[in-house]
Amino acid sequence: MITLDGSAGEGGGQILRTALALSAVTNTPVRVEQIRAGRARPGLMRQHLRAVESAAAVCGADVVGAELSSTTLEFRPGPVEHGDWKIDIGSAGSTTLVLQTLVPILLHAAAPSSLVLSGGTHNPAAPPVPFLDAVYAPLLGRMGATLDLELERPGFYPAGGGRLHARLTPGRLEPLELLSRGGDVTLSFEAIVSGISASIANRELFVLARELGTDRGAGRIMEVKDPRGPGNAVWARLDFPNGAEVVSAVGEKGVRAEVVARGVVNEVRALLAHDVPVGEHTADQLLLLCALAGGGRYRTVAPSLHTTTNADVIRRFLPVDIRFVDDGPTWVVEVGAQG
Amino acid sequence: MTRRPTHILGFYGTQLDAGLRPDRWERWRPTVSLFQHDDLQVDRLDLLVPPRWEKRAEGLIADIHQLSPDTVVVAHPFLAPDPWDFEDVYAELDDLVQRLDFRPDDVDHYVHLTTGTHVAQICLFLLCESRQIPGRLIQTGPATRGPGPTWSIVDLELSRYDRLAARFKARREAAQGVLRSGIPTLNPGFAALVERLERVATASRAPILLQGPTGSGKTRLARRIHDLKRSGRLASGNLVELNCATLRGDQAMSALFGHVRGAFTGAAADRAGLLRAADKGVLFLDEIGELGLDEQAMLLRALEDKRFLPVGADKEVSSDFQLVAGTHRDLHASVAEGRFREDLLARIDLWTFHLPGLAARKEDVAPNLDWELERISEELGRRVRMNREARDRYLGWATGPDATWRGSFRDLHASVVRMATLADGGRIDRAIVDDELVRLTPHAGPDRAQRVLGARAASLDRFDRVQLDDVLAVCAAARTLSEAGRTLFAASRAERTSVNDADRLRKYLARFDLSFDDTRAARA
């Protein structure tokens, strides 16, 4: 059994999710202690419990300590099973975080799986569905697996009620090399509104177009039909010859549309400043995929605490070398077989 | 999965939970908010729905289902005829509670207190507190400064709240320290003495002797001893108090030990006497040193055998009492002078407590001042207060070198009574305190000799002046020359060496060219 200190590094839910995925993939029992010990409300919260329960479901795991506020969890996985999984997150919790926990596991099943996840689809501090669609799924595709996503209905805090369909066809992952964008970037913007005025989206897109120097035609507004609750998100999509990136922000009650859009602008500018094909959040996810593939190299921004924490967890489960190489204003992440 | 399920019982809030329009999500809805917390997972909600709200409650349930698809929501019609009538609501809730399946061993039950009428909230509280509902109270609140709505458990165990616990502790300590056992003291020595006294009183039935200056609180302590014995079921009888200095002659025997009818002239009926009145209780004999030798002998027998002979009786009676004796005298000196029986002293001297007077416990002036103010307020039936300035002034003087407190607590008591009597509207102010301090200060103004003699007083020897001062004080208090004489020469009168006290006093005054009428000027 591998024992992890859940309060190390980033010290939040990421350690737990990565540990669950790797435990199931490597069929190694794991014990996580001090879960979220430094947080205002330590221990497992609802969304973490859902991640544990879902992961346990797809690999038939025995679990001890899966309770609210529990700070210690033992997870003993069984064989990964393909199938049709229905996962209700509840409380507008993020469906995408759970999906990113399950995808690496179900990659190791013998046959394709389909998932229906309900809850939040555009949450703060979680990858929104457009990111998974435009960045994550294509990267998986290039490495050898197929992830098809269909957003049936978006869900926002506080009402939730979103529904996301995913179909994953496993394949043997191949190492990935992604060191440059390979050419010019095409920018496009999108905003979604649910149950609130489309003028919010208009104002956000206006700010993006003005600040990032593209014409108004680059923006698209999605209005949710039959909304289940109020909500808004805006994102910029960067398309370039070697791939894509998505930078997003979720609207919040009491925060002006211009302020929401400004956050996206700043992050896009930081990405455009250098030839970086992989943004901060993508770097995080790609690290796990490369480790599972047994190798990979990619250029990204300075590694976040999330990423280095992820690396520490991966090293405990897999025989890989992970190096973060400072290459001037950018960084190169190198994942290779040990030895 | 080993997780314990969470069940919540609560009302559909007809005000706060209502709403079917899209903007309902912008508002805080208490019951909905139960499902919006990352650290609260509800497996079942029993929702009490008043009549005519079923349709809207269905909308609420749909919203809950969207937020928390796993939660089972069970709607119960709540049919109390009048939701503001206590009896209706309690009866309806009680019926419901009987029907619901509470399994506190396996399930965490909560009662949501934020919705429903106030009457409903009170009923839910009562049902929880009486454990009819084996759950805890949960309350929800809207987002204030934080990121989202709030929830919290209302724990009815008050000691679990740090600040409340600290408050209770402070109150306990105040009760133990300042108002220790109803004896106000901040003096550690006295507090220790009281504690020792309490231990003895609760552990032993042997006589207790309280030795201390007049007014040092002997009576108060005797009452405390009786209270302690009563509360500890060590005594079931009464507290009987007697100041032995008030007893004279035959009356003393009879008052203490009782008499039978016809025992002496005027004994028209049987009299039980104080010893028997104190049977199974506490007998407090203050100034026991003033008790006559015959009575001392009888008391000794009553203490040793719990039996004694009432005056004129030919049969002994019994009384089992706890003796508390008080004295301001040094009884060992009295024994040497032949005024107190050695064997009785040996019997009552087992536990002797020496009480310091107020002058030796000046830190106790403040708590006793408060205590006296409380007491006088009770007696007068109106609140008597001292303003800050007056209190500071009084305490400043009372704890300073000018205050002798010769009458100890009795003086303090008298002083407070005087001030309270003069206080307009119950407020003792600076002017009243200043007047009182003049009264309390022995030489603050012209003394009696000076008032009567004027400038001539300066030519008197100190020796004579002190004597004259006391004589004048007695004259001032007496109605007639003869009365003043009887008081001044009481000792020689008892020995019959002086037959005309009035004449003796008149001659004394004449030495200063004073008549009895002149002494009236010495009255305050």
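Throughout, residues of each chain are indexed from 1 in the direction in which the sequence is written. Chain letters and ligand numbers both follow the written order, the letters beginning at A and the numbers at 1. Only residues with pLDDT of at least 70 are given local features in this predicted model, and only at 80 or more are side-chain atom pairs given and counted; all residues enter the totals for whole chains, interfaces and linings. Only heavy atoms go into the side-chain values, all of them from the structure, while hydrogens and water stay out.

Student: Quick one: what's the story with the packing of aromatic side chains, residue by residue and with numbers?
Tutor: All names here are of chain B. Aromatic pairing here means that ring centres of Phe, Tyr or Trp (its six-membered ring) are within 6.5 Å. Orientation follows from the plane angle: under 30 degrees is stacked, over 60 is edge-to-face, and everything else is tilted. Tallying each qualifying case throughout the model produces six aromatic pairs over all chains. Relative to tryptophan 405, the ring of tryptophan 397 lies with its centre 6.0 Å away and its plane at 75 degrees, an arrangement referred to as edge-to-face. With relative accessibility at 12%, the residue tryptophan 397 sits in the buried group. Tryptophan 405 sits in the buried class, given a relative accessible area of 6%. By the criterion adopted, a ring carries a charge over it if an Arg CZ or a Lys NZ lies within 6 Å of its centre and within 35 degrees of its normal. A cation over an aromatic ring shows up here: arginine 29 above the ring of tryptophan 25, its NZ or CZ 5.0 Å from the ring centre. Over the ring of tryptophan 371 we find arginine 220, and its NZ or CZ is 3.7 Å from the ring centre. The classification of residues rests on relative accessible area computed with a 1.4 Å probe and restricted to protein chains. Under 20% of the type maximum is buried, over 50% is exposed, and intermediate values are partly exposed.

Student: An account of a nonpolar patch on the surface is needed here, citing residue identities and associated values.
Tutor: Residues enter patches when their relative accessible area tops 30% and they take part in no salt bridge; the joining distance is 9 Å for like charges and 5 Å for the nonpolar side chains Val, Leu, Ile, Met, Phe, Trp and Tyr. Surface accessibility follows the Shrake-Rupley procedure with a 1.4 Å probe radius. Residue values consider only the protein chains on display as shielding. The working definition used for a salt bridge is a side-chain nitrogen of Lys or Arg within 4 Å of a carboxyl oxygen of Asp or Glu. A surface patch of nonpolar side chains, about 240 Å² in accessible area, is lined by Phe86(B), Ile122(B) and Leu126(B). Tracing the chain through its elements places Leu126(B) in helix H4 (residues 118-129). Strands are runs of DSSP state E lasting at least two residues, helices are runs of H or I lasting at least four, and both sets are numbered from the N terminus onward.

Student: Give me the interface of chain A and chain B: which residues, what numbers.
Tutor: Taken together, the contact pairs 28 residues of chain A with 20 residues of chain B. Between chain A and chain B, roughly 2200 Å² of surface is buried when both sides are summed, and carbon and sulfur atoms account for 47% of that area. The tally of links from chain A across to chain B stands at two salt bridges. The closest approach of N and O atoms between Asp39(B) and Arg41(A), which form a salt bridge, is 2.8 Å. Polar contacts here mean pairs of N or O atoms no more than 3.5 Å apart (in protein, one a potential hydrogen donor and the other a potential acceptor; neighbouring residues in sequence count only if both atoms are side-chain atoms). Taken together, chain A and chain B are joined by 13 residue pairs in polar contact (both at pLDDT 80 or more). Here the side of chain A that touches chain B gets six residues from one element, more than from any other, and that element is helix H2 (residues 46-59) of chain A. Grouping the amino acids of the side of chain A that touches chain B by side-chain chemistry returns 12 nonpolar, eight polar and eight charged. Any pair of residues with heavy atoms lying within 4.5 Å of one another is described as a contacting pair. Buried area: the accessible area, evaluated with a 1.4 Å probe, that two parts lose upon being put together, summed over both parts. Each residue is assigned to one class: nonpolar for Ala, Val, Leu, Ile, Met, Phe, Trp, Tyr, Cys and Pro, charged for Asp, Glu, Lys and Arg, and polar for all the others, Gly among them.

Student: Account for the packing of helix H7 (residues 280-293) of chain A against helix H8 (residues 305-317) of chain A, naming residues and giving values.
Tutor: Residue and element names in this part refer to chain A. Between N-to-C directions, angles span 0 to 180 degrees; the directions come from axes that are lines fitted to C-alpha atoms, helices contributing only their stretch in contact. Relative orientation of the contacting elements H7 and H8 amounts to 10 degrees, with a least axis distance of 9 Å. Between H7 and H8, the angle falls in the class roughly parallel. Along the contact surface, H7 presents Glu280, Ala283, Asp284, Leu287, Leu288 and Ala291, while H8 presents His306, Thr307, Asn310, Ala311 and Ile314. In what follows, roughly perpendicular refers to angles from 65 to 115 degrees, roughly parallel to angles under 35, roughly antiparallel to angles over 145, and oblique to any angle outside these ranges.

Student: Give a detailed account of the side chain of Asp46(B), specifying residues and quantitative values.
Tutor: Residue and element names in this part refer to chain B. Position of aspartate 46 relative to the elements: it lies in strand S2 (residues 44-49). Of the residues examined, aspartate 46 reaches a relative accessible area of 6% and is grouped as buried. Of the polar contacts made by the side chain of aspartate 46, one reaches the side chain of histidine 76; its length is 2.7 Å. If near-sequence neighbours (up to four positions away) are discounted, aspartate 46 is found in contact with Ile8, Leu9, Gly10, Val74, His76 and Leu100.

Student: Describe the sheet that holds strand S12 (residues 231-240) of chain A, with residues and values.
Tutor: Residues and elements named next belong to chain A. Taken in spatial order, the four strands make up an open sheet running S11-S10-S12-S13, and their pairing is mixed. With one partner strand each, in any of the chains shown, strand S11 (219-223) and strand S13 (243-250) form the two edges of the open sheet. Going across the sheet, the axis of each strand differs from the next one's by a mean of 20 degrees, ignoring polarity. Here, any two strands with at least 2 DSSP bridges between them count as paired. In the sheet, strand S10 (residues 186-194) pairs with S12 via nine bridges, with the strands oriented antiparallel. When the bridges of S12 are listed, alanine 191 appears paired with valine 234. Sheet strands touched by helix H4 (residues 129-143): S12 and S13. Its angle to S13, the strand with the most contacts, is close to 150 degrees.

Student: Quick rundown of the confidence of the model for chain B? Include the residues and the values.
Tutor: Residues and elements named next belong to chain B. The predictor attaches a confidence to each residue, called pLDDT, with possible values from 0 through 100. Summing up the model confidence of chain B, the mean pLDDT is 84 and the portion of residues at 70 or higher is 93%. When mean pLDDT is compared element by element in chain B, S2 scores highest at 96, while helix H5 (residues 162-177) scores lowest at 61. Counting interchain partners and residues more than four positions distant, the pLDDT-below-50 stretch residues 175-181 has 19 contacts.

Student: Outline helix H6 (residues 188-203) of chain B, supporting the account with residue identities and numerical values.
Tutor: One full turn of an α-helix is made of 3.6 residues, so residues set three or four places apart face in the same direction. Taking 1.5 Å as the rise per residue, H6(B) with 16 residues should run 22 Å; its terminal C-alpha atoms sit 22 Å apart, in good agreement. Among all positions in H6(B), only Phe190(B), Ala191(B), Leu193(B), Val194(B), Leu197(B), Glu198(B), Val200(B) and Ala201(B) are buried. Residue count minus one, scaled by 1.5 Å, sets the expected span of a helix.

Student: Just give me the short version of the pairing of S12(A), but keep the residues and values in it.
Tutor: Residue and element names in this part refer to chain A. When you tally the buried positions in S12, you get eight out of 10 residues, the bulk of the element. One ladder, built from eight bridges, connects S12 with S13; its direction is antiparallel. Following the sheet pairing, phenylalanine 240 is matched in S13 by glycine 243. Counting the residues between successive antiparallel strands, the hairpin from S12 to S13 contains two residues.

Student: Report on the packing of helix H5 (residues 198-212) of chain A against helix H6 (residues 257-272) of chain A, specifying residues and quantitative values.
Tutor: Residues and elements named next belong to chain A. At a minimum axis separation of 8 Å, H5 and H6 run at an interaxial angle of 35 degrees. The two elements H5 and H6 meet at a crossing, and its hand is right-handed. Residues Ile200, Arg203, Glu204, Val207, Leu208, Arg210, Glu211 and Leu212 of H5 form the contact with H6, whose own contacting residues are Ala257, Glu258, Val260, Ala261, Arg262, Val264, Val265, Val268 and Arg269. Each crossing gets its hand from how the near helix is turned against the far one by less than a right angle, where anticlockwise is left-handed and clockwise is right-handed.

Student: So what's going on with the pattern of salt bridges? Which residues, and what values?
Tutor: Residues and elements named next belong to chain B. Under the criterion given, the structure shown has 53 salt bridges over all chains. Glutamate 241 is the salt-bridge partner of arginine 223, the closest N and O atoms lying 2.9 Å from each other. Linking arginine 223 in helix H7 (residues 218-231) with glutamate 241 in strand S8 (residues 239-243), this pair joins segments that are 18 residues apart in sequence. Residue glutamate 241 is classed as partly exposed on the basis of its relative accessible area, which comes to 35%. In this structure, glutamate 389 and arginine 430 form a salt bridge, with 3.2 Å as the shortest nitrogen-oxygen distance. Note that glutamate 389 is positioned in helix H14 (residues 388-398) and arginine 430 in helix H16 (residues 430-440), a separation of 41 residues in sequence. Its relative accessible area of 31% is what places arginine 430 among the partly exposed residues.

Student: Could you give an account of helix H15 (residues 408-422) of chain B, with specific residues and numbers?
Tutor: Residues and elements named next belong to chain B. Taking 1.5 Å of rise per residue, the 15 residues of H15 would be expected to cover 21 Å, and the 22 Å separating its terminal C-alpha atoms lies within 8% of that figure. Within H15 the residues assigned to the buried category are Ser408, Phe409, Leu412, Ser415, Val416, Met419 and Ala420. Within H15, the buried residues cover an arc of 130 degrees as seen down the axis, which keeps them to one side. Buried positions along H15 lie against helix H13 (365-380), strand S14 (385-386), H14, strand S15 (427-428) and H16. Comment: arc refers to directions from the helix axis out to C-beta atoms.

Student: So, the side chain of Thr31(B): which residues are in play, and what are the values?
Tutor: Residues and elements named next belong to chain B. Here threonine 31 is to be found in helix H1 (residues 30-33). Note on threonine 31: relative accessible area 1%, which makes it buried. Within polar-contact distance, the side chain of threonine 31 engages the side chain of aspartate 17 at 2.4 Å. Each residue touching threonine 31, except ones within four places of it in the same chain, is listed here: Phe11, Asp17, Leu45, Leu47, Leu60, Ile64, His112 and Thr115.

Student: Could you give me a rundown of the pairing of strand S8 (residues 162-169) of chain A, with the residues and numbers involved?
Tutor: Residue and element names in this part refer to chain A. Of the two faces of S8, the one lined by Gly162, Leu164, Ala166 and Leu168 is fully buried and the one lined by Arg163, His165, Arg167 and Thr169 carries no buried residue. Sheet topology note: the strand S7 (residues 146-153)/S8 ladder contains seven bridges and is antiparallel. Each bridged residue has a counterpart across the sheet, and for leucine 147 the counterpart in S8 is leucine 168.

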